[in-house]
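Structural overview
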There are 2 protein chains.
Amino acid sequence: MRNWIWLLIFSQSLLAAQKAKLELPWGALPKNPPIPKDNPMTPEKIYLGRQLYMDPRLSKDGTVSCNSCHNVMASGGDNRAFSAGIKGQLGGRSAPTVWNSAFHTVQFWDGRAASLEDQAKGPLTNPIEMGMASHDIVMERISKIPGYVSQFKKVFGEKGMRIDNLAKAIAAYERTLITPNSAFDRYVRGDKKAMSAQAIRGMNTVMEVGCVSCHTGKNFNAPDEITMGEGFYQKFPTFTDNEYVKKYNFLEDKGRGSLTKDPNDDYFFRVPTWRNIALTAPYFSNGSVKTLDEAVRVMAKIQLNKDLTVNQVSDIVEFLKALTGERPKQPMPELPPDPAGETTIDG
Amino acid sequence: MRNWIWLLIFSQSLLAAQKAKLELPWGALPKNPPIPKDNPMTPEKIYLGRQLYMDPRLSKDGTVSCNSCHNVMASGGDNRAFSAGIKGQLGGRSAPTVWNSAFHTVQFWDGRAASLEDQAKGPLTNPIEMGMASHDIVMERISKIPGYVSQFKKVFGEKGMRIDNLAKAIAAYERTLITPNSAFDRYVRGDKKAMSAQAIRGMNTVMEVGCVSCHTGKNFNAPDEITMGEGFYQKFPTFTDNEYVKKYNFLEDKGRGSLTKDPNDDYFFRVPTWRNIALTAPYFSNGSVKTLDEAVRVMAKIQLNKDLTVNQVSDIVEFLKALTGERPKQPMPELPPDPAGETTIDG
């Protein structure tokens, strides 16, 4: 993607501006995300995934679950600048929301996982996140919990107790975490009163200003044509000669460049979604900006070199608020007990 | 209680042994626990309490909620020897399960809170638990979350945003965390097939051996006559001349004596419940014993100076397993957002 990104930006900017009154560059959120052929959804698998997602026994000291940093009762994230793993250790990036992550074509800020299945395996063995020594150790611990053993067998077959299947169950659960029926979704489906006049002004402003070059498609983070696993990246910051870049320390994290070690990838990040953005403060990969209005000003300046008016900012914020969907309602799972006390944490 | 505890032990031991075949010293768990007159239950209050219980923003660094140590999706506890607070700091005692805590006449291992309302306020400002500097700071943070402001107003009135009301909401929620219909409960209600022959043997054994002196009443932790707030304590360990006391380090924690500084209170602890004990490993206030069978052997030896046979132990364990109730089914709450980012954690 990286090499033709500039072409894409400018061509789409122009197109978007021209088509603003004609056609929206986004769409209503589909009810269901893409489902990989090798990981079909079943109620048993989704329930197993929900249990695993909520289970702190997946971390070394039994204090951190997937939900600790991607809290489905809150914003789908943790509303912290940097997430806290075991022993309160801080990671280097702000946790993205899990909601609608099934619509991302790649996972993590630097896109280092091509699927939710790949993503789920990462934090387990990251020493400052869940801190397990290896995936084998994860499965060894899970194997000591009889309820999980029988559920893995039921969902994945006799020899199903494998890390790839654990990741599949978690990913299947995550694919249920869709937030439909935002004011915007109702608006594009035909309810023209669903968005306020100010939100509609904000919607037109983001198209005119050029934000839509990147924040496009049904999840506001990639053209719908991008295939799953491919990724849609953008350089951030693009314009560095401004007060914000220093103030918010945006030159510290080289994003994808840190991963690939290719200088051409420096400062490229996956474009994040706008959906539910009103709930997911703080903003940016380093969580340096606490409010949505400041995030809007910052983005316009450092990505488009534009100074927005006060009214433009408040109109855009109003539009972004219209992207808050309905949080998925779900029962708390019952985590299976460990009657033999074999997974008990000594600490 | 302390002064006449010995009288109680021996009189009840004898009575229990005599009445074993006649009448059980326990009862089925009531559907509802005692409700304080000044904290009536309402659906809005219970929902607010569930939100607060699950909300990590009640801790200094936003990583620890009530549910972190008293996990209602797991055992109602955390299955750790010592609970982990902010920054992974370890407390000095194992977290008791929240389930059926509404039937305890006092709270905490040392009984230092007379009610669930009192209990709820403790961990918030404990520096190694949730670490908030003061209750005022807790309420200041909660006051920045518009959803909580409106809910407190609705539930507790115009000036309802007070720490006592926060505690009341959490306590009201906790009073819904009752686990009914264990095999034992069904048995005492008349379904004589609900418990296995082995569990029934175990039930008779605990009466004959004398465990029932303390583990009595409907919650297996106090005579039903004890009034709420009074407490029912027992010396632990009672017999110290045995291998277990040293092995499991039972002379380190002086329990109630550490609290009152009265040597007469040394080693007195609140009698814990047996309900759901098969789920709540590890055992004892220091979480030193990982398995239920070892816990049974240890208790018989250090409290009653009795060496149980292998069969007695396995019968008793089978009876204790029959005390596992149905976990309360409940939806995940939606934690109210903080659109202004004022509660965002910098860390």
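Computed from a predicted model, the values in this text were never measured in an experiment.

1. Remarks on the packing of helix α9 (residues 197-209) of chain A against helix α13 (residues 310-321) of chain A
Residue and element names in this part refer to chain A.
- Close contact between α9 and α13 brings their axes to 7 Å; oriented N to C, the two are set at 105°. Relative to α13, the element α9 lies roughly perpendicular. Along the contact surface, α9 presents Gln198, Ala199, Arg201, Gly202, Met203, Thr205 and Val206, while α13 presents Gln312, Asp315, Ile316, Val317, Glu318 and Phe319.
- Counted by class, the contact of α9 with α13 contains six nonpolar, four polar and three charged residues.

2. Quick look at the relation of the copies chain A and chain B
- Of the two same-sequence chains, chain A is brought onto chain B (RMSD 0.0 Å, axial shift 0.0 Å) by a rotation of 180°. Such a combination of turn and shift is consistent with a two-fold rotation axis. Proximity to the rotation axis, assessed at the C-alpha, singles out A:Pro331 in chain A; its C-alpha lies 2.0 Å from the axis.
- Interface residue correspondence from chain A to chain B reaches 100%, placing this contact among same-surface, isologous pairings.

3. Quick look at the domain arrangement of chain A
Residues and elements named next belong to chain A.
- What the domain assignment lists for chain A is domain 1 (2-30 + 180-321) and domain 2 (43-174).
- Placing a centre on the C-alpha atoms of domain 1 and another on those of domain 2 gives a separation of 28 Å.
- With 32 residues of domain 1 in contact, the opposing surface of domain 2 contributes 24 residues.
- Those elements that provide at least two residues to the side of domain 1 that touches domain 2 are α11 (256-260) and β2 (268-270).
- Per-element tally for the side of domain 1 that touches domain 2: the top contributor is α11, with three residues.
- Taken together, the residues of the side of domain 1 that touches domain 2 break down into 12 nonpolar, 14 polar and six charged.

4. Brief notes about the nonpolar core
- With 76 residues, the main nonpolar core has A:Leu52, A:Ala169, A:Ile170, B:Leu52, B:Ala169 and B:Ile170 as its most contacted residues.
- Not counting chain neighbours up to four residues away, the residues in contact with B:Leu52 comprise B:Leu58, B:Leu166, B:Ala169 and B:Ile170.
- The next biggest cluster of nonpolar side chains, apart from the first, holds 34 residues, and it includes A:Ile277, A:Val298, A:Ile316 and A:Leu323.

5. So, the interface of chain A and chain B
- With 40 residues of chain A at the interface, the matching set in chain B holds 40 residues.
- Across the side of chain A that touches chain B, the residue classes break down as 21 nonpolar, 10 polar and nine charged.

6. Examining the environment of A:Gln151
All names here are of chain A.
- Summarising the element assignment, Gln151 is placed in helix α6 (residues 146-156).
- Given 21 C-beta atoms within a 10 Å radius, Gln151 is considered buried.
- Along the primary structure Gln151 and Met161 are separated by 10 residues, whereas in three dimensions their C-alpha atoms are 9.3 Å apart.

7. Comments concerning helix α12 (residues 292-304) of chain A
Residue and element names in this part refer to chain A.
- In a regular helix each residue adds 1.5 Å, so 13 residues correspond to 18 Å; α12 covers 17 Å between its end C-alpha atoms and thus fits that length.
- Leu292, Ala295, Val296, Arg297, Val298, Met299, Ala300, Ile302 and Gln303 are the residues of α12 that are buried.
- Contact partners of the buried residues in α12: α9, α10 (243-247) and α13.
- Immediately beyond the C-terminal end of α12, within one or two residues, lies Asn305, with a positive phi of roughly 55°.

8. Remarks on α6(A)
Residues and elements named next belong to chain A.
- The set of residues buried in α6 consists of Tyr148, Gln151, Phe152 and Val155. Each buried residue of α6 sits inside an arc of 105° when the element is viewed along its axis, so together they form one side.
- In the core, the buried residues of α6 are packed alongside α2 (43-54), α5 (135-142) and α7 (163-174).
- The positive-phi residue at the C-terminal boundary of α6 is Gly157, with phi of around 95°.

9. Things to note about the packing of helix α4 (residues 116-125) of chain B against helix α7 (residues 163-174) of chain B
Residue and element names in this part refer to chain B.
- Running from N to C, α4 and α7 point in directions that differ by 115°, and their axes come no closer than 8 Å. Put simply, α4 runs roughly perpendicular to α7. Judged by the sense of rotation from one axis to the other, the crossing of α4 with α7 is right-handed. Across the interface between the two elements, Leu116, Glu117, Ala120 and Lys121 from α4 touch Ile163, Ala167, Lys168, Ile170, Ala171 and Glu174 from α7.
- Residue composition of the contact of α4 with α7, grouped by class: six nonpolar, no polar and four charged.

10. Quick look at the confidence of the model for chain A
- Averaged over every residue, the pLDDT of chain A is 93; residues scoring 70 or more account for 93%.
- Taken together, the stretch residues 17-22 of chain A has pLDDT below 50 and engages in five contacts with residues farther than four places along the chain or on a different chain.

Each value, and the rule that gives it
Counting starts from 1 at the beginning of each chain's written sequence and moves along it residue by residue. Chains and ligands are labelled by the order in which they are written, letters from A for the one and numbers from 1 for the other. Only residues with pLDDT of at least 70 get local features here, since the model is predicted, and only at 80 or more are side-chain atom pairs given and counted; chain-wide, interface and lining totals rely on the full set of residues. Each axis is a line fitted through C-alpha atoms, and for a helix only the stretch in contact is used; angles between axes span 0 to 180 degrees, taken between their N-to-C directions. By the criteria applied, helices consist of DSSP H or I runs no shorter than four residues and strands consist of E runs no shorter than two, each listed in order from the N terminus. Angles are sorted into four bins: roughly parallel if under 35 degrees, roughly antiparallel if over 145, roughly perpendicular if 65 to 115, and oblique for all others. We call two residues in contact when their backbone-placed C-beta atoms lie within 7 Å. Amino acids are sorted into nonpolar (Ala, Val, Leu, Ile, Met, Phe, Trp, Tyr, Cys and Pro), charged (Asp, Glu, Lys and Arg) and polar (every other residue, Gly among them). Each copy is superposed on the other by least squares, with the fit set by C-alpha atoms of residues at a pLDDT of at least 70 in both. The split into domains, and so the bounds of each, comes from an automatic or database assignment of domains. By convention the nonpolar core is taken to be a set of buried residues drawn from Ala, Val, Leu, Ile, Met, Phe, Trp, Tyr and Cys and joined through C-beta atoms within 7 Å. Between the buried cut of 20 or more and the exposed cut of 12 or fewer other C-beta atoms within 10 Å of a residue's own C-beta lies the partly exposed class, and all C-beta atoms are placed from the backbone. Expected span of a helix: the number of residues minus one, times 1.5 Å. The directions from the helix axis to the C-beta atoms are what the arc is built from. By the definition used in this description, the sense in which the near helix is turned from the far one sets the handedness, with an anticlockwise turn below a right angle giving left-handed and a clockwise turn giving right-handed. The predictor rates its confidence in each residue with pLDDT, a number between 0 and 100.

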